[in-house]
Each structure stands twice: as C-alpha cells, then as structure tokens.
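What follows is each chain in one-letter form.
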Amino acid sequence: MKPFILFLSLISLTSFLYSQSPKNYDCFRAKSTIIIDGDVYKDVWKTIPWSDFFVDIEGKASSMPYYESRMKMLWDDNYLYIAAELEEKDIWGYLENHDEIIYRDNDFEVFIDPTGDGLNYFEIEINTLETVLDIYLNKPYNKGGRADLTWNAEGLLKAVKIYGSANDTTSSDVKWTVELAIPWDIYQNRDTSVLSPVNGTTWRMNFSRVEWEYEFADGRYNRKTEPETGKRYPENNWVWSPQGVINMHAPEMWGYVTFINELPQVNQNQWSKGGLPLYWTWMGGNSNNERYDWERIMRKMDDAGIRGFLFGGNVTLLNKVIQIAKQYNIKVHAWYWTMNRGDAKPHWLSYNQLGNSLAYEKAYVDYYKFMCPALPEVQEFIKSGMDDLAEVDGLEGIHMDYIRYVDVILPVGLQPKYGLVQDHIMPEFDYGYHPYMRGLYKDKYGVDPIELKDPGNNKSWIDFRLNQLNLTIDELRNHVKGKDMKITAAVFPTPQMSADMVRQDWKDWNLDCYFPMVYHNFYNEDIDWIREVIEEDRKAIGDNSMIFCGLYLPSLQGQNSVSKAINAALAGGADGISFFSYGNLNENTIVQIKNFTKKHR
C-alpha cells in the first residue's frame with residue numbers, strides 16, 4: 001500500500017474508531033452483603049439499573065445481536081460485584097481447566113483498566129461451567145503487549161446459574177446468568193499500585209460476550225465449520241460499549257464506570273406513590289409463547305422501566321407469567337374483560353332500544369357481547385371469574401375493562417370508520433334495554449322505559465342504567481377488596497364523557513386506581529388535550545384514588561411525542577402512565593420513556 005493511501009486509511013480508521021462514543025455506567029455502593037450464587041434477581045440487585053443491551057463490537061446496526069445480554073454492578077469496601085444476564089436457546093460449554101482459552105466456548109468477559117491509561121489492565125473470562133481464564137496485560141497486543149497467564153484473580157468469587165440444562169439438546173434453554181465478586185487487592189501485585197475506588201472514582205471497563213455459530217454432532221455441540229472448506233465460522237462479539245473494530249484490546253474505547261455511594265435514582269423513579277409502578281402496559285395473553293418468549297417480553301418492559309403489567313390471560317398463563325415477572329420486579333394485575341364477554345350466555349346479553357339482542361344483532365364489531373349488569377346471574381358469573389383469578393399466587397390486582405354499556409356515541413375520530421355521524425342518540429346503538437332491566441325500572445316508576453317518549457334521552461332512564469352498573473361495581477369492588485387485592489378499571493377519558501358516550505359514571509366507584517383511556521387521536525385532539533382531561537379527572541375524584549393516564553402508542557410515533565404525552569399527563573395531575581399496548585413498544589418509544597424518566601423524575 002502506498003504511504004499516502006496508508007495515511008488516509010489510518011485517518012479513516014481513527015475517525016471511525018472515535019466516532020463510537022464510550023458508554024457510561026454508575027456503579028452504586030452495595031448496602032447489604034451479597035451472596036454469590038448466580039441469582040442476579042435477588043433483592044440486593046432489584047433496584048440496581050441494568051446496562052444497555054450489548055451491541056455488535058463494531059457498533060454496526062446491521063449486525064445487532066440475536067440474543068440479548070446486559071450487566072449491572074455494585075461495589076463495597078471489599079469487592080467489585082458484577083451480574084450478567086445472557087439470553088441463549090442452546091446452552092453449552094466444555095472447557096473445565098483454569099486458564100484454558102475460554103472463548104473457544106461461548107463465554108462472558110470482563111475487561112478492567114483501573115487507571116484508565118490503556119496500560120496494565122486485566123481480563124476475566126468465564127463459561128457456563130464456571131471455568132475461568134484470568135490474564136494481565138501491561139499494554140495492548142497491538143502495542144507489543146503479551147498476555148500474562150501467571151496472574152490470577154486470587155479470591156475471585158464466581159457462580160453461574162443456568163435456566164435450562166447445559167449440553168442437552170432435549171432441554172428448552174432460556175438464558176444463563178453470571179455473578180462475580182472481584183476483590184480489590186488483586187490489582188496490587190503488578191506494575192502499578194492501584195488504589196481501591198472511592199466515591200466519584202472512574203475506571204475504564206468493558207464487557208464482552210463471545211457467541212459461536214454451532215452444530216450438534218457426535219453427541220456434543222461444536223463450533224460450526226463451512227462444509228466445503230472446513231473453515232470455522234467467525235465468532236460473534238457482542239459488547240457493552242462498542243469498540244469500533246473487532247478488537248477488545250483497544251482500552252481507549254472501553255466504557256466509563258463511576259463509583260457512587262448513593263442509592264440509584266433511576267429505578268426509584270420508576271415507582272409512584274403507594275408503591276405502585278409509574279408506568280404500566282396492557283397486553284393480551286398468547287398461549288403459544290414459551291418461557292423464552294415471556295422472558296424477552298419482561299426484559300423489554302424492564303429495560304423501559306415499565307413495572308406494571310395489565311395482562312389478559314387465563315389462570316394457567318397468569319401463573320406462568322407472574323413467576324417470570326417477579327424476576328424483573330414487575331407487578332401483574334389481571335386484565336379482565338368484565339361486561340363484554342365472549343363466553344356469556346345468550347340470554348344475558350344486552351338489548352338495544354329497538355328490542356334487538358346482541359345475541360343476534362351486531363353493534364359495531366362482532367366481539368361486542370355486553371351483558372346486562374343488573375342480572376344476578378351475570379354478577380355471580382363475573383365474581384366467579386374473579387375468584388379464579390384471585391387464586392393465582394402473586395397476582396396483585398384485578399383490572400376491569402369493558403365495565404360499561406355498548407358505546408351509544410363513538411369517539412368522533414372513530415365514527416368515519418363505521419360510516420357514522422353520531423350527532424344524536426341512535427336507537428340501534430342505545431343499549432341497556434334487557435327485559436330484566438326494564439322490569440326493575442317499571443317496578444320502581446310504574447312504566448316500561450321503552451314506552452317513554454324518546455327513551456334514549458330520558459334522564460330518569462339514563463340515570464337508572466348508570467346506577468344499576470354502579471351497584472354492580474360496588475359488589476365487585478367489595479368482593480375483590482375482601483380478597484386483599486387491588487381493583488382498578490379502564491375507563492373513558494372523563495366521568496362526564498363516559499356517562500354520555502358509554503353510560504359509565506366512574507367518579508364515585510371508589511376503586512384503587514383508574515386508567516382513563518385518553519387516546520387524543522380518537523377525538524381529533526392534540527397532545528395538550530391530555531393535560532386538560534387529566535385535570536378534569538383529578539378534580540372529579542380528588543385524592544381518594546390514583547389516576548394512570550392511558551396513552552395510545554400508535555398515535556405517538558413521532559420523535560418526541562411520547563415524552564410530550566407523558567409530560568402532559570403528569571402536568572395534569574396523573575399519578576402515572578399506562579401504554580396501549582405492549583405490541584407498540586418499539587425502540588423509539590422505549591428511548592423516550594427512559595429519557596423522560598431520567599430527566600424529569
């Protein structure tokens with residue numbers, strides 16, 4: 001290569017290398033003893049923030065890891081503690097001898113430069129069998145450095161926990177976790193004397209994961225080779241702080257770790273008053289998901305700081321999901337469709353003003369199967385379903401949805417979808433005329449409501465239907481509270497809008513929390529409308545209950561729209577936010593949620 005071309009190439013390489021910004025991580029002081037057993041979800045770790053997920057070593061977006069990896073750290077007077085979570089569907093490893101070349105197995109690697117000068121640094125590698133390679137380098141390889149295998153991390157405490165079974169093709173593997181305690185005095189016997197960190201000290205560090213393409217043959221996992229040439233496939237290198245090149249031994253690109261005495265603020269800010277999560281999300285159950293899938297779902301929520309899960313699944317699913325959610329400190333409430341039930345008996349279903357039952361007539365969509373709230377059989381049916389849910393160990397609450405009548409007036413932004421202009425009450429969409437309900441009204445007032453002049457606008461009949469729903473909710477609330485569980489509900493934006501649009505007057509329900517669905521685009525409103533709605537809600541219920549503003553994520557895909565919506569809701573007096581729905585959480589929305597929490601809480 002000509003000197004001038006070489007010079008330009010070096011400039012280009014240097015420019016690319018330094019275009020990768022090293023990551024930063026705050027390492028907080030441990031406040032209690034840490035038992036090293038591989039469990040990175042125990043209480044001592046629960047409030048400690050994870051790092052960002054690992055990325056391709058070169059920082060290429062086109063080479064994003066197909067497995068998720070991340071780490072977290074703590075420190076005290078004796079040790080640097082490291083916890084790592086490594087997603088993997090086939091867990092394997094065979095090297096058992098100390099100081100073997102561990103990265104020939106899949107491994108987790110720690111790089112530590114205490115002085116930050118790129119010299120005299122340390123590397124520790126560990127595989128799934130807890131086998132360790134520990135080395136010291138006085139300088140990087142490309143500067144003439146050589147690995148010193150005689151150095152040992154004396155006093156290192158280590159543990160690996162496998163979620164599945166290593167070297168077993170019949171098991172359903174999920175992940176493996178690593179927990180390390182590295183003593184400070186291991187750095188004192190080399191070329192430089194390293195002082196233990198104090199509050200505010202910064203070290204250069206990085207973390208890597210080597211992941212091989214593999215095949216199973218002759219009873220074991222093997223690194224994969226090309227059939228034609230026999231050449232081994234290159235390993236994947238996934239790192240915390242991107243290096244810019246495929247070389248972990250470029251200490252100038254490692255991340256910055258700052259040691260801090262205080263407790264972490266980020267995770268504390270993920271909780272609202274009363275110990276409830278600040279952020280929630282709704283999600284319907286999927287019985288086809290395996291544990292690996294649920295782990296990934298919870299990890300995504302955890303990364304976003306979403307610690308409240310309104311989950312719509314059966315008892316079997318809830319039992320499975322809650323046990324996984326506990327690892328990630330996520331609270332689960334059962335998302336329970338209350339009045340709108342596909343399993344309702346036909347004679348329970350509501351009638352409209354024209355005398356047509358939902359058993360035979362469609363209102364807007366096929367799945368609208370609203371029951372008559374006044375029927376004793378309906379009340380017992382709902383309570384029975386709640387009883388089943390309450391038996392699930394670890395379930396913290398029941399979240400009622402569709403706790404209302406059929407929409408008598410749709411949100412204005414949705415009306416065109418159905419070819420409607422609902423500027424008045426249309427009899428075919430005015431529900432609540434079940435014969436039993438009409439009989440109750442006639443017993444009280446001496447007239448069948450259907451015989452009233454313009455019954456859809458008759459205040460007495462409207463109030464009667466509202467009150468019958470309220471009486472049922474009183475029963476359901478007391479029933480659930482009697483089981484020492486929280487009860488919440490998804491409701492329309494304000495009590496007045498709810499009463500007018502879906503015959504739902506929720507201001508006096510006395511629930512633990514309300515989740516008003518403030519979907520501004522349904523009403524052709526801008527984001528600031530969210531603040532106005534929440535202010536009205538807070539005025540209506542006072543401080544007797546909590547409000548978690550429901551935001552509709554498909555309408556919030558702009559660069560700052562999620563942040564603006566969260567800010568509007570909290571400025572209006574909301575206690576927190578709920579996102580509809582999990583499926584619309586993407587990289588853009590998660591980054592906005594995380595950044596808002598860090599900056600404004």
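Residues numbered from 1 in each chain as written. Predicted model: local features only at pLDDT ≥ 70, side-chain atom pairs only at ≥ 80, totals over all residues. Heavy atoms only, no water.

The next subject is the overall build of the chain. Along its length, the chain carries 11 helices and 22 strands. With the C-alpha coordinates of the chain rotated into their principal frame, the extents come out at 100 × 50 × 50 Å. Residue burial in the chain is summarised as follows: out of 601 residues, 55% are buried. Look at the contacts in the chain between residues 6 or more apart in sequence, and 71% of them connect residues 24 or more apart. As presented, the chain carries roughly 25700 Å² of accessible surface, and 48% of it is formed by carbon and sulfur atoms. Looking at the chain, you have 61 positive and 84 negative side-chain charges, and the mean spots of the two groups are 2 Å apart. (Helix = DSSP H or I, 4+ residues; strand = E, 2+ residues; numbered from the N terminus. Buried < 20%, exposed > 50% of the residue type's maximum accessible area, 1.4 Å probe, protein only. Contact = heavy atoms within 4.5 Å. Areas by Shrake-Rupley, 256 points an atom, 1.4 Å probe, with all protein chains shown as cover. Lys, Arg positive; Asp, Glu negative; His and termini not counted. Charge placed at Lys NZ, Arg CZ, Asp CG, Glu CD.)

In this model helix 5 (residues 376-390) runs 21 Å from its N-terminal to its C-terminal C-alpha over 15 residues, within 8% of the 21 Å that 1.5 Å per residue would give. Within the sequence span of helix 5, burial applies to Val378, Gln379, Ile382, Lys383, Gly385, Met386 and Leu389. One side of helix 5 holds all its buried residues, which, seen down the axis, span an arc of 155 degrees. Those residues of helix 5 hidden inside the fold are in contact with helix 4 (315-327), strand 17 (331-337), strand 18 (397-401) and helix 7 (459-481). (Expected span 1.5 Å × (residues − 1). Arc of directions from axis to C-beta.)

Between Phe580 and the following residue, Ser581, the backbone shows a cis peptide bond with an omega angle of -5 degrees. With respect to the helices, strands and loops of the structure, Ser581 is situated in the loop between strand 22 (576-580) and helix 11 (587-600). The backbone of Asp99 shows a phi angle near 70 degrees, a positive value even though the residue is not glycine. Residue placement: Asp99 occurs in the loop between strand 4 (79-87) and strand 5 (107-113). Of note, the phi angle at Asp218 is positive, near 55 degrees, even though the residue is not glycine. Inspection of the secondary structure assignment puts Asp218 in the loop between strand 11 (214-217) and strand 12 (220-223). Residue class for Asp218 comes out exposed when judged on its relative accessible area of 81%.

Here the focus is the pairing of strand 14 (residues 255-260). Two strands pair when backbone bridges link them, and strand 1 (residues 24-29) and strand 14 are joined in this way by five bridges, in the parallel orientation. Residue pairing in the sheet places Phe28 in a bridge with Ile260 of strand 14. Alignment of strand 10 (residues 202-211) against strand 14, held across four bridges, turns out to be antiparallel. Bridging across to strand 14, Thr202 finds its partner in Thr258. (Pairing = 2+ DSSP bridges.)

The next subject is the environment of Asp528. Checked against the element boundaries, Asp528 lands in helix 9 (residues 528-541). Judged by relative accessible area, which is 36%, Asp528 ranks as partly exposed. In sequence terms Asp528 and Ala571 are 43 residues apart; their C-alpha atoms lie 10.0 Å from each other.

So, on to the confidence of the model for the chain. The predicted coordinates should not be examined in detail at positions where pLDDT is low. The share of residues in the chain with pLDDT of 70 or more is 95%, and the mean pLDDT across the chain is 94. Taken together, the stretch residues 1-19 has pLDDT below 50 and engages in 12 contacts with residues farther than four places along the chain or on a different chain. (pLDDT = per-residue confidence, 0-100.)

Let's shift gears to the packing of aromatic side chains. Summed over the entire model, instances satisfying the criterion amount to 54 aromatic pairs. Ring centres of Trp75 and Phe259 lie 5.5 Å apart, and the angle between their planes is 75 degrees; on these two criteria the pair is classed as edge-to-face. Here Trp75 is found in strand 3 (residues 69-75), whereas its partner Phe259 is found in strand 14, with 184 residues between them in sequence. For the pair shown, Trp75 and Phe259 are each scored as buried. Relative to Tyr221, the ring of Trp92 has its centre 6.1 Å away and its plane inclined at 15 degrees; by these criteria the two rings are stacked. Residue Trp92 is found in the loop between strand 4 and strand 5, and its partner Tyr221 is found in strand 12; the two are separated by 129 residues along the sequence. In this structure Trp92 comes out as buried when scored by relative accessible area, which is 2%. (Phe/Tyr/Trp six-rings, centres within 6.5 Å; stacked < 30°, edge-to-face > 60°.)

Right, let's get into the packing of helix 9 against helix 10 (residues 561-571). With their axes 7 Å apart at the nearest point, helix 9 and helix 10 run at an angle of 25 degrees to one another. In terms of their interaxial angle, helix 9 and helix 10 are classed as roughly parallel. Here helix 9 and helix 10 pass one another in a crossing that is right-handed. Contact residues: helix 9 offers Ile530, Arg531 and Ile534, while helix 10 offers Ala565, Ala568, Ala569 and Ala571. The residue makeup of the contact of helix 9 with helix 10, split by class, is six nonpolar, no polar and one charged. (Axes fitted to C-alpha atoms, helices over the stretch in contact; angles between N-to-C directions. Parallel < 35°, antiparallel > 145°, perpendicular 65-115°, else oblique. Left-handed = near helix turned anticlockwise from the far one by under 90°. Nonpolar A, V, L, I, M, F, W, Y, C, P; charged D, E, K, R; others polar.)

Contact geometry for helix 6 (residues 435-445) and helix 7: axes closest at 11 Å, N-to-C directions at 120 degrees. Between helix 6 and helix 7, the crossing angle belongs to the class labelled oblique. Judged by the sense of rotation from one axis to the other, the crossing of helix 6 with helix 7 is right-handed. Together, Met437, Arg438, Leu440, Tyr441, Lys444 and Tyr445 of helix 6 and Ser460, Trp461, Phe464 and Gln468 of helix 7 make up the contact between the two elements.

The parallel closed barrel is built from eight strands, whose spatial order is 15-16-17-18-19-20-21-22. On average, adjacent strands in this sheet sit at an angle of 25 degrees to one another, irrespective of strand direction. Sheet topology note: the strand 15 (residues 279-284)/strand 16 (residues 308-312) ladder contains five bridges and is parallel. Following the sheet pairing, Trp280 is matched in strand 16 by Gly308. Its contacts with the sheet place helix 9 against strand 20 (513-516) and strand 21 (546-552), and it is angled at close to 155 degrees to strand 21.

Enumeration over the complete set of coordinates arrives at 40 salt bridges. The residue Arg70 makes a salt bridge to Glu85 at a minimum N-O spacing of 2.8 Å. Of the two residues, Arg70 sits in strand 3 while Glu85 sits in strand 4, which places them 15 residues apart along the sequence. For Arg70, a relative accessible area of 1% translates into the label buried. (Salt bridge = Lys/Arg side-chain N within 4 Å of Asp/Glu carboxyl O.)

Moving on: the side chain of Lys594. Along the polypeptide, Lys594 turns up in helix 11. Relative accessible area serves as the criterion here: at 18%, Lys594 is assigned to the buried category. Sequence-distant contacts of Lys594, defined by excluding residues within four places in its chain, comprise Asp52, Asp303 and Ala304.

Glancing now at the environment of Arg29. Tracing the backbone through its elements, the reader meets Arg29 in strand 1. Residues Arg29 and Pro264 lie 235 residues apart in sequence; the distance between their C-alpha atoms is 9.1 Å. Those residues within four positions of Arg29 in sequence are excluded, and the remaining contacts are Leu74, Trp75, Asp76, Asp77, Ile260, Asn261 and Glu262. Engagement of the side chain of Arg29 in a polar contact is seen with the side chain of Asp77, the distance being 3.2 Å. Side-chain polar atoms of Arg29 contact the side chain of Asn261, separated by 2.9 Å. (Polar contact = N/O pair within 3.5 Å; in protein donor to acceptor, adjacent residues only side chain to side chain.)

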